[in-house]
Amino acid sequence: MSETPFRDCLGGPGTPVPQPFLNNGTGHYDGGDTHNYNFITGNVPCYDFNDPVALNLIKEQVPVILKGADLVSSAMKWDLDYLSTHIGGGRFAVFIRNAEADRHALVQPQSSSNPQSQSVQPEPLHIFKYFDEKKLVALQDRSTFQSTMVRVEMTFQEFLKRFHGDRSQERVYLQQPLNNTVGPQIASDFIQFNWSWAAEHKREFNWGPLTSNLLLIGQKGNITPCHFDEQQNLFCPLRGRKRILLFNPENFPYLYPYPVHHPNDRQSQVNLDNPDYGRFPKFAMARGVQATVGPGEILYIPIHWWHHVINLDDTIAINFWHKGGGSAPVEYPLQARQKIAMVRNIEKMLLEALQDQNELKELLHWIVDGRY
Ligand SMILES: O=C(O)CCC(=O)C(=O)O
């Protein structure tokens, strides 16, 4: 059992002094790992893979880094060359940010009474803010949404060409659940993952079924901005380091998530690198922790925990997403993650009843104003 949980972990004491948070002179963000975020108050603890303390933290839904992990040992040889040779001829989902497309998109949206419309500004090229395409189709007030990120399916060879292109003009991020189109060598590596550890611990943690293993291949400096998932996540870097800022579910009101019907549902409206305290005053109360993880480590990201992911290097990673799991007996007061699930359900139910996304705000005022 570790007495000094940070020893030998990438983010712990003894880590080489990293480069400053930099703009590398070409006008585009180039990542960095020393930027001091005043809302980060500590580091995620790090333990040996099978340390019971760590496993207990996971049971309690607290983030932890597991080091010396052998969950995906057979994938530790995956680099771009190996994947290029063995991944097969299937098509892969790639998110693309393009400077030229951004220039065309710089049309200001019409003014709207909706608060989200004020956040419609071009995002810097390295930000990959996820949006839900189905929610975009159903969105009634299009002035509240603008994304210059597109999702394109392409072969691995096409992706590699763009990955090695001019990053000041275009950035790419491959994010593809592993499926049966992969070549036999990758399939064999996948079969050799430590599935018995995964199955045994899934039971122990009371998680639901594994839903997917997302393969992520990102460029240095790419950022997946602050969001939460409705899944438990064992996040396994295979190449390069990532710095991940995490906020527990109690921070929900401080991070101003978009409405449930919005394409950016589950994303924070706050720009962590330049928070607008005028619009988002409660962000001043947000408090988070951070982890820097690399190959051979696993970061456990609990369901409903906010996470903001900075690629410190070119990276390859794979995650294990699991459903939340069976319902434990309800205890009061409810925990933040249970309240989040409840709030999301209420929002969805009211929208379904109203059939008009623009009416929801007024209805909520009817419920609250002068009454609570
Ligand atoms: O690595 C990234 O950029 C994003 C990963 C992430 O958000 C996840 O696995 O839930």
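A brief structural summary. (Residues numbered from 1 in each chain as written. Predicted model: local features only at pLDDT ≥ 70, side-chain atom pairs only at ≥ 80, totals over all residues. Heavy atoms only, no water.)

## Describing the pattern of salt bridges
Keep this limit in mind: Note on definitions: salt bridges are taken to be side-chain nitrogens of Lys or Arg within 4 Å of carboxyl oxygens of Asp or Glu. Only DSSP runs of H or I with at least four residues qualify as helices, and only runs of E with at least two residues qualify as strands; both kinds are numbered from the N terminus onward. Relative accessibility thresholds used throughout: buried, under 20% of the residue-type maximum; exposed, over 50%; partly exposed, between the two (1.4 Å probe, protein chains only).
Scanning the entire structure with this criterion turns up 11 salt bridges. Salt-bridge contacts for Asp189 lead to Lys77; the nearest nitrogen and oxygen are separated by 3.3 Å. Of this pair, Asp189 sits in helix 6 (residues 184-191) while Lys77 sits in the loop between strand 3 (64-67) and helix 2 (80-86), and the two are 112 residues apart along the sequence. You can call Asp189 buried: its relative accessible area is 1%. Three or more residues joined by partner-sharing salt bridges are found here, namely Lys135, Glu230, Asp265 and Arg344.

## Focus on the site of the ligand
Keep this limit in mind: Note on terminology: near, applied to a residue and a molecule or strand, indicates that one of the residue's heavy atoms is within 4 Å of it. Throughout this description, a polar contact denotes any pair of N or O atoms lying within 3.5 Å of each other; where both atoms belong to protein, one of them has to be capable of donating a hydrogen while the other can accept it, and for residues adjacent in sequence the pair is counted only when both atoms sit in side chains. Note on areas: Shrake-Rupley with a 1.4 Å probe; residue coverage comes only from the protein chains shown. Residues are grouped as follows: nonpolar covers Ala, Val, Leu, Ile, Met, Phe, Trp, Tyr, Cys and Pro; charged covers Asp, Glu, Lys and Arg; every other residue, Gly included, is treated as polar.
Around the ligand lies a shell formed by Tyr173, Leu216, Thr224, His227, Asp229, Asn233, Phe235, Lys242, His307, Val309, Asn319 and Trp321. Between an oxygen atom of the ligand and a side-chain N or O atom of Tyr173, the distance comes to 2.5 Å. Between His227 and the ligand, the recorded distance is 3.1 Å, taken from a side-chain N or O atom to an oxygen atom. In isolation the ligand has 300 Å² of accessible area, and contact with the protein removes 97% of it. Elements supplying a minimum of two residues to the shell around the ligand: strand 9 (223-227), strand 10 (232-239), strand 14 (306-311) and strand 15 (315-322). For the shell around the ligand, a count of residues per class yields five nonpolar, five polar and two charged.

## Points about the side chain of His307
As a reminder, the rule being used: Should any heavy atoms of two residues lie within 4.5 Å, those residues are considered in contact.
By the element assignment, His307 lies in strand 14. Engagement of the side chain of His307 in a polar contact is seen with the side chain of Asp229, the distance being 3.1 Å. Polar contacts involving the side chain of His307 include one to the main-chain carbonyl oxygen of Trp305, which spans 3.0 Å. Sequence-distant contacts of His307, defined by excluding residues within four places in its chain, comprise Thr224, Pro225, Cys226, His227, Phe228, Asp229, Ile244, Leu245, Leu246 and Ile301.

## With respect to the sheet that holds strand 9
Short version of the rule: The criterion for strand pairing is that DSSP finds at least two bridges linking the strands in question. Axes, fitted as lines to C-alpha atoms, cover a helix only where it is in contact. Angles between the N-to-C directions of the axes lie from 0 to 180 degrees.
A sheet is described by the order of its strands in space; here five strands give the open sequence 1-12-11-14-9, paired in mixed fashion. Each edge of the sheet is formed by a strand with only one pairing partner; in this case those strands are strand 1 (40-43) and strand 9. On average, adjacent strands in this sheet sit at an angle of 25 degrees to one another, irrespective of strand direction. Strand direction decides the pairing type here: strand 9 and strand 14, joined by three bridges, are antiparallel. Across the sheet, the residue bridging to His227 is His307, located in strand 14.

This is a description of form; function is not addressed.
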